[in-house]
Amino acid sequence: MARASFEDTAEPTAAQAALSIDLDAIAANWRLLAARAAPAECAAVVKADAYGLGVARVAPALHRAGCRTFFVALLAEAVALRAHLPADSRILVLNGALPGTEAAHVAAGAVPVVNSLGQLAAWRAEAARRGTALPLVLQIDTGMARFGLPPSECAELAGRPELAHGLAPAILMSHLACADAPSHPANETQLARFAEAQERLAAALPGAAASLAASSGIFLGPRFHFDLVRPGAALFGVPPTASAPNPLRAVVRLEARCVQVRRIAAGDTVGYGATWTAPHPTTVATIAVGYADGFLRAGSNRGACCAKDGTILPILGLVSMDSITVDAGPVGEGGLRAGDMVEVIGPGRRLEHVARDAGTIGYEILTSLGGRYERHYLGGGDAA
Ligand SMILES: *Cc1c(COP(=O)(O)O)cnc(C)c1O
């Protein structure tokens, strides 16, 4: 497919809603992040089906851009991803191996992140069974209490480096809790803990690359970059720092059709629960996107979408399963008519605003995008 911009996307004829995913923008975002992090290597986190955008299309586009290290969360995601990547790419599984799944990871061409001493023993046993030094990617907990060796296990491994023998040290990693808030003191605390652990574990993992930063961490500066950075959300246009301008390109455009327009009288109510009452005669348009499509119900009476002419259309009433209702009064030039497309996410309704209206983050908006959209992939440098 030729390079296309959002502007020249052909409107589908029958689809009630269309999702455009700009693979060129994803590749450009990866290059921007890689340049910022250089000389560190830039990986890509494509868990949860590439944050809802379709790993089968996203991962090959990232590979073409130059990415060779990919993170997913689950073994099943690794299996699916392996089919879309050349053998020169490594796939690392963040949630680690559940007991007894070590061999399945090897069969998938994936490496589980080792998150505890128990997992370390099981991964060593797998290596011993095979007579090969499997790669060791070890995560330590520096302040999230979620994944990784707790401080007590770190200390034990530091004192007994032989616990890691028989494996090929690849990566020592940890994860930041507050990286989107650059002045949060947890960033420096975690950085210091990580640097200290790196030193203490040098005998257990000689020569391992170090990795601390995800999307937001890259923007905390070079001290946070170490040898490998792991952006996910920023690849897909989510702003890495809440308080700073977003340097990344928008990736997603979601449009939905207006399916009905009506005039209601003062005192009439809109939607389930009759939560919105018209203060005066109002033009109400029904738009074909609802919570079953990932338009979060939390956006009821708060969110908006955007007409072709840029007019903001505030949501009236509760979000339904298959539709929302908006105030179409402000639209000029003949108004809004059945069949017209309105923008739900895009240049007129940026992802961060959609997230804010629903009281959440861009991550949740993207990973909630439903399966009913007609999907268009733009660019990507391939023929599909
Ligand atoms: C999800 C995840 C990432 C990517 O985070 P983003 O904020 O999306 O860049 C990186 N590392 C770990 C351990 C993760 O769980």
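Residues numbered from 1 in each chain as written. Predicted model: local features only at pLDDT ≥ 70, side-chain atom pairs only at ≥ 80, totals over all residues. Heavy atoms only, no water.

**Observations concerning the sheet that holds strand E6 (residues 110-112)**
Read across the open sheet, the four strands follow the order E3-E4-E5-E6; overall the sheet is parallel. At either margin of the open sheet sits one strand with a lone partner, and together these are strand E3 (44-45) and E6. Both strand E4 (residues 69-72) and strand E5 (residues 90-93) contribute to a ladder of four bridges, which runs parallel. Bridging across to E5, phenylalanine 71 finds its partner in leucine 92. (Pairing = 2+ DSSP bridges. Helix = DSSP H or I, 4+ residues; strand = E, 2+ residues; numbered from the N terminus.)

**Section: the side chain of arginine 253**
On the secondary structure map, arginine 253 appears in strand E11 (residues 252-264). A relative accessible area of 13% means that arginine 253 is categorised as buried. (Buried < 20%, exposed > 50% of the residue type's maximum accessible area, 1.4 Å probe, protein only.)

**Quick word on empty space enclosed by the protein**
Inspection of every chain in the model, using the stated rule, returns three cavities of 30 Å³ or more. Here the largest cavity is characterised by a volume of approximately 130 Å³. Lining the largest cavity are 15 residues, and of these Phe295, Leu296, Val344, Val354 and Ile365 lie nearest its centre. Every element with two or more residues in the lining of the largest cavity is listed here: strand E18 (341-345) and helix H10 (351-357). Grouping the constituent residues of the lining of the largest cavity by class yields 11 nonpolar, three polar and one charged. (1 Å grid on protein atoms, 1.4 Å probe; cavity = no way out; pocket = protein on both sides within 12 Å on 5 of 7 lines; lining within 4 Å. Points joined across faces, edges and corners; volume = space filled by probe spheres on them. Nonpolar A, V, L, I, M, F, W, Y, C, P; charged D, E, K, R; others polar.)

**Focus on the layout of surface pockets**
Space inside the largest pocket adds up to approximately 980 Å³. Of all elements in the fold, only helix H2 (47-51), helix H9 (215-218), H10 and helix H11 (362-368) reach the threshold of two or more residues within the lining of the largest pocket. By residue number, the principal contributor to the lining of the largest pocket is H11, which donates four residues. Broken down by class, the residue content of the lining of the largest pocket amounts to 25 nonpolar, 12 polar and eight charged. Taken as a whole, the second largest pocket holds about 170 Å³ of empty space. Classifying every residue of the lining of the second largest pocket by side-chain character gives eight nonpolar, three polar and three charged.

Shape is all these values report; function is a separate question.
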